[in-house]
Amino acid sequence: MANSKSERHFNLLDAVLILLAILAIVGVWQRNNLKNLFAKKELMEPYIISFEVKRVRSTTADLLTKGVEFYTADGHVALGALTQQVATSAATVYLPHPDPEKGTVEAVYPQDEYEYLLDVSGELSCLGIEREQSFFVGGELLLVKGQEIRVQTETVDLIITITGYKKLA
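Being a predicted model, the structure only gives us computed values, none of them experimental. (Residues numbered from 1 in each chain as written. Predicted model: local features only at pLDDT ≥ 70, side-chain atom pairs only at ≥ 80, totals over all residues. Heavy atoms only, no water.)

### Quick word on the pattern of salt bridges
Opposite charge on two side chains permits them to pair, given that their charged atoms come into close proximity. The condition that has to hold: Salt bridges are defined by distance alone: a side-chain nitrogen of Lys or Arg within 4 Å of a carboxyl oxygen of Asp or Glu. The secondary structure listing takes helices from DSSP runs of H or I that are at least 4 residues long and strands from runs of E that are at least 2 residues long, numbered from the N terminus. Working definition: with a 1.4 Å probe on protein chains only, accessible area under 20% of the residue-type maximum means buried, over 50% means exposed, and in between means partly exposed.
The final tally for this structure, using the stated rule, is two salt bridges. Between Glu-45 and Lys-167 there is a salt bridge, with the nearest N and O atoms lying 3.1 Å from each other. Taken together, the positions of Glu-45 in strand 1 (residues 45-57) and Lys-167 in strand 11 (residues 157-167) put the pair 122 residues apart, joining distant regions of the chain. A salt bridge links Asp-119 to Lys-54, with the shortest nitrogen-to-oxygen separation between them at 3.9 Å. Within this pair, whereas Asp-119 is found in strand 7 (residues 117-131), its partner Lys-54 is found in strand 1, the two being separated by 65 residues in sequence. Lys-54 sits in the partly exposed class, given a relative accessible area of 44%.

### Overview of the packing of aromatic side chains
Defined as follows: In this analysis, rings of Phe, Tyr and Trp, with Trp reduced to its six-membered ring, are considered paired at centre separations within 6.5 Å, and the interplanar angle assigns stacked below 30 degrees, edge-to-face beyond 60, and tilted for intermediate values.
If you walk through the whole model with that rule in mind, you get four aromatic pairs. Ring plane angle 55 degrees and centroid distance 4.6 Å describe the contact between Tyr-47 and Phe-135, whose orientation is recorded as tilted. Taken as a pair, Tyr-47 in strand 1 and Phe-135 in strand 8 (residues 134-137) lie far apart in primary sequence, 88 residues in all. A single burial state applies to Tyr-47 and to Phe-135, both of which are buried. With a centroid separation of 4.8 Å and an interplanar angle of 20 degrees, the aromatic rings of Phe-135 and Tyr-165 are classed as stacked. Of this pair, Phe-135 sits in strand 8 while Tyr-165 sits in strand 11; the two residues are 30 residues apart in sequence, bridging distant segments of the chain. Judged by relative accessible area, Phe-135 falls into the buried class, the value being 0%. Tyr-165 sits in the partly exposed class, given a relative accessible area of 25%. Taken together through their ring pairs, the aromatic side chains of Tyr-47, Phe-135 and Tyr-165 make up a single cluster.

### Thoughts on a nonpolar patch on the surface
Put simply, the rule is: Residues enter patches when they are more than 30% accessible in relative terms and free of salt bridges; like-charged ones are connected within 9 Å and nonpolar ones (Val, Leu, Ile, Met, Phe, Trp, Tyr) within 5 Å. Using a 1.4 Å probe, the Shrake-Rupley method yields the accessible areas, and only the shown protein chains count as cover for residues.
Residues Leu-12, Leu-13, Val-16, Leu-17, Leu-19, Leu-20 and Leu-23 make up a contiguous nonpolar surface patch of roughly 720 Å² in combined accessible area. Tracing the chain through its elements places Leu-19 in helix 1 (residues 12-39).

### Points about the nonpolar core
Counted only if it meets this: Among buried residues, the Ala, Val, Leu, Ile, Met, Phe, Trp, Tyr and Cys ones that are joined through side-chain atoms within 4.5 Å form a nonpolar core. Any two residues whose heavy atoms approach within 4.5 Å at even a single point are treated as in contact.
Grouped together as the largest cluster of nonpolar side chains are 27 residues, with contacts concentrated most on Phe-70, Leu-158 and Ile-160. Of all the elements, strand 1 adds the most residues to this core, at five residues. Leave out the neighbours within four places in its chain, and Leu-158 touches Val-53, Val-56, Thr-60, Leu-64, Phe-70, Ile-149, Arg-150 and Val-151.

See below:
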């Protein structure tokens, strides 16, 4: 008659399987923690985004005052708030001269007392993350120097060109 007791021993394979199960649970937990860190903006730091807009109406430039919030055109991502009233200058275009040796010709848009075109520059304060020479506003929207992006405020829709960003000290 055979022995009906089956003996089970704890061996190395059992230890490896238990360890793998524990690591899988910890991995899922850590993934959710990292996801929550980005969602809660705990890793984000304050930055200043500089931008410019070419040839806007003077009445539009008057609406871009300190504290105005900028959002992406779809309204999903808050870019930031203006740190001060935007700087303005007469809208200027550089055109090639008919004689190539003379380079370019500067053309300034005509102005009247009621309305005229301006070039505008300003800065937005925001929270973001910089990774590998890329900047993510709110941890989700990638911005790079020279990029054009359609934005909106409560009163204005614009296409701005990103001229740079810097971390606040």
